[in-house]
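Close look at the chain arrangement
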Amino acid sequence: FAPPPAAGGGGAGSGALDFLRQVPQFNVMRRLVQANPQLLHPLLAQLGQSNPSLLNVINANETEFVRLMNEPVSDSEAALADAELMAAGEGGGAGGEGGAGG
């Protein structure tokens, strides 16, 4: 994850986590959690180890984070997330149920 923007004072920042939408790893995480909500806590724990400052920002803006996590993933975000999964080597499992039935 990219480091969060410098947090000067906060103020009335209703979009404090808006930058996450542009982070491919966030879209991967969002898709995983939407498919398996029980993954949220382990993923946040892992995030806390790799990027504690980002986890602090998420904790400080929990309502905004939950709102972002619940947003539908757009087709372009899904494509970026899929590319990120492939690059990370985690796309090895064949998800038979994931296809859209025409």
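Given the structure is predicted, the values throughout are model-derived calculations rather than measurements.

Let's talk about the confidence of the model for the protein chain
- A residue-level look at the protein chain finds 74% of positions with pLDDT of 70 or above and a mean pLDDT of 77.
- Contacts from residues 91–102, a stretch scored under 50 in pLDDT, to residues over four places away or in other chains number 2 contacts.

Comments concerning the nonpolar core
- The biggest cluster of nonpolar side chains holds 17 residues, and the ones touching the most others in it are Leu 17, Leu 20, Phe 26, Met 29 and Phe 65.
- Only helix H1 (24–35), helix H2 (40–50), helix H3 (52–60) and helix H4 (62–70) provide two or more residues apiece to this core.
- Per-element tally for this core: the top contributor is H3, with 4 residues.

Comments concerning the side chain of Asn 51
- Structurally, the position occupied by Asn 51 is in the loop between H2 and H3.
- A distance of 3.0 Å separates a polar atom in the side chain of Asn 51 from a polar atom in the side chain of Ser 53.

Parameters at a glance
- Residues numbered from 1 in each chain as written.
- Predicted model: local features only at pLDDT ≥ 70, side-chain atom pairs only at ≥ 80, totals over all residues.
- Heavy atoms only, no water.
- pLDDT = per-residue confidence, 0-100.
- Contact = heavy atoms within 4.5 Å.
- Core = buried A, V, L, I, M, F, W, Y, C linked by side-chain atoms within 4.5 Å.
- Buried < 20%, exposed > 50% of the residue type's maximum accessible area, 1.4 Å probe, protein only.
- Helix = DSSP H or I, 4+ residues; strand = E, 2+ residues; numbered from the N terminus.
- Polar contact = N/O pair within 3.5 Å; in protein donor to acceptor, adjacent residues only side chain to side chain.

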